[in-house]
Amino acid sequence: MKTSLRIGSAFGIGIFLHWSFLLLVVGIVVFFVVQSGPTADAVTSISVIFGVFACVVLHELGHALAARRFDVPTRSITLYPIGGLARLERIPSDPMKEFWIAVAGPAVNVAIAIMLGSLVYATGRTMNPSVLMDPFTDPLPTLAWLNVGLAAFNLLPAFPMDGGRVLRALLALRTDYAQATQTAANIGQGMAILFGLLGVLSFNPILLFIALFVYAGAQRESQQAMFRAFTHGATVRHAMMTRFATLNSDDTLDDAVDALLAGSDHDFPVVEPDADGHPRLTGILRRQTLIRALSTHDATDPVGPIAGEPCFSVGDDEMLEDVFTRMSQEQCSTVPVLKHGDLVGLLTLENVGELVMVASALEQREASDVRKQMAPELQQLRESPASLVENSDVPENKNDGGADRPAAPGRRDE
């Protein structure tokens, strides 16, 4: 089921409208019907909302065009009731590139606010913030102030807002990417908790919604950064499965069912021998395809014609991070790994996730081992700091004349 509707494109980037956005429009219409408000007010309200989301589209295009400037493609822009999302192919490894991509969006909102404000002054209307108390009486200054609010809100130092990415980029100039992300994510989650408390105390459901949105976004960014840290420099060979079941092209659907029930494999490479007798990959029989085929084919039919083409194949020496990104983009759960044309492994999204979990557990164990090794010294330092100095290898200064001994603090040698 498609959750978004394509409404157009700009600069070759598809723009989509999430189905939940329509709930916002329907909610406004229902509100005015229940309140018996004038139809003109409902139309004006919807016009202002669409004006705001047009500004959101321009905001996201600002990110996309800045990313294009640094050779980072943008897959799509999707509009949600809470804003927009530009899906970049990747986050640039250079912190300053991420910084400029992040600030490009709020900069667009500031530029829109300046242009609308200039138009308001040119037509003799007021830019007093009090217009926000009745935002639908004069949409132009309302949109100007809302763009100021969009820029300010997006620059909050919390993921998934732009300010969180700006903060990470600045931190990454002095520390590694994973640590910078974790610090920025912790700050974002702290802000989310603060928003949540304010929402509870003020009985404000909007603040509670923002708190959940920010907390989830910070957690997701932290997980993605952990993945990048643990897969950086790793090749497909580190994560691929080397023990897996295969099917010959002339095996039957019954054979495939037996293989499915006998193990934990979901997708099966289909092979057939070449002229030299080496098994060569001819397709992938996925579990969904097998289940569908059971209702339309005989159990004795061969799997060869039923198996589908693999999304793509990779070499065992390719970089894991790049392959994983491509698998996510093409929504491919399993890809065959080839070496000199021979099938040597399978790479699945599940395997990559397991690799990250194992690496994370090992890192935590190493950190725990270091703490255990340091525990006696730390305990000794707490009990008697001077003992560490007495037991150190620093040679004692035995110069009786004291010529080389530094003067005590607050005292001058005569």
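Heads up: these notes are all about the structure in this document.

Cut-off values and rules
- Residues numbered from 1 in each chain as written.
- Predicted model: local features only at pLDDT ≥ 70, side-chain atom pairs only at ≥ 80, totals over all residues.
- Heavy atoms only, no water.
- Core = buried A, V, L, I, M, F, W, Y, C linked by side-chain atoms within 4.5 Å.
- Buried < 20%, exposed > 50% of the residue type's maximum accessible area, 1.4 Å probe, protein only.
- Helix = DSSP H or I, 4+ residues; strand = E, 2+ residues; numbered from the N terminus.
- Contact = heavy atoms within 4.5 Å.
- Expected span 1.5 Å × (residues − 1).
- Axes fitted to C-alpha atoms, helices over the stretch in contact; angles between N-to-C directions.
- Parallel < 35°, antiparallel > 145°, perpendicular 65-115°, else oblique.
- Left-handed = near helix turned anticlockwise from the far one by under 90°.
- Pairing = 2+ DSSP bridges.

What follows deals with the nonpolar core. One broad trend across soluble globular proteins is that nonpolar side chains are buried collectively. Judged by nonpolar contacts, the single largest core of 23 residues is most densely connected at Leu61, Ile77, Leu79 and Leu116. Within the residue set of this core, elements represented by two or more residues are strand S2 (13–18), helix H2 (39–69), strand S3 (74–80), helix H3 (95–122) and helix H4 (139–154). Here this core gets 9 residues from one element, more than from any other, and that element is H2. Sequence-distant contacts of leucine 116, that is, excluding residues within four places in its chain, are made with Leu140, Leu143, Ala144 and Asn147. One finds Phe312, Val314, Leu320 and Val335 within the second-largest nonpolar core, a separate group that totals 14 residues.

What follows deals with unusual backbone geometry. The phi angle at phenylalanine 11 is positive, at roughly 55 degrees, despite the residue not being glycine. Considering the arrangement of structural elements, one finds phenylalanine 11 in the loop between strand S1 (4–10) and S2. Residue phenylalanine 11 is classed as exposed on the basis of its relative accessible area, which comes to 53%. One non-glycine residue, aspartate 71, lies in the positive phi region at around 60 degrees.

This part is about H4. In this model H4 runs 22 Å from its N-terminal to its C-terminal C-alpha over 16 residues, within 8% of the 22 Å that 1.5 Å per residue would give. Within the sequence span of H4, burial applies to Leu140, Pro141, Thr142, Leu143, Ala144, Asn147, Ala151 and Asn154.

Once that is clear, we can look at the packing of helix H5 (residues 162–172) against helix H6 (residues 177–202). It is at 8 Å that the axes of H5 and H6 come closest, and there the two elements cross at 140 degrees. When the interaxial angle is binned, H5 and H6 end up oblique. The element H5 and its partner H6 pack so that their crossing is right-handed. Contact residues: Gly164, Leu167, Arg168, Leu171 and Ala172 in H5; Tyr177, Ala180, Thr181, Thr183, Ala184 and Ile187 in H6.

This paragraph deals with H6. Given 3.6 residues per turn, any residue in an α-helix points the same way as the ones three and four places further on. Helix length check: H6 (26 residues) gives 37 Å between terminal C-alpha atoms against 38 Å at 1.5 Å per residue, within 8%. Those residues of H6 that fall on the buried side of the exposure criterion are Tyr177, Ala180, Thr181, Ala184, Ala185, Gly188, Gln189, Met191, Ala192, Phe195, Gly196 and Gly199.

Pairing is mixed in the open sheet, where 3 strands are placed in the order S5-S6-S7. For this open sheet the edge positions go to strand S5 (247–248) and strand S7 (279–285), each flanked by a neighbour on one side alone. With 2 bridges joining them, S5 and strand S6 (residues 268–273) adopt parallel strand pairing. Residue pairing for S6: leucine 247 is matched across the bridge by valine 270.

Another aspect to go through is the pairing of strand S10 (residues 342–348). The buried count for S10 comes to 5 of 7 residues, which makes it a mostly enclosed element. Across 6 bridges, the pairing between strand S9 (residues 334–339) and S10 is antiparallel. Looking across to S10, one finds that valine 337 is bridged to glycine 345. Hairpin geometry of S9 and S10 is characterised by an intervening segment of 2 residues between the two adjacent antiparallel strands and by a positive phi of about 55 degrees at histidine 340.

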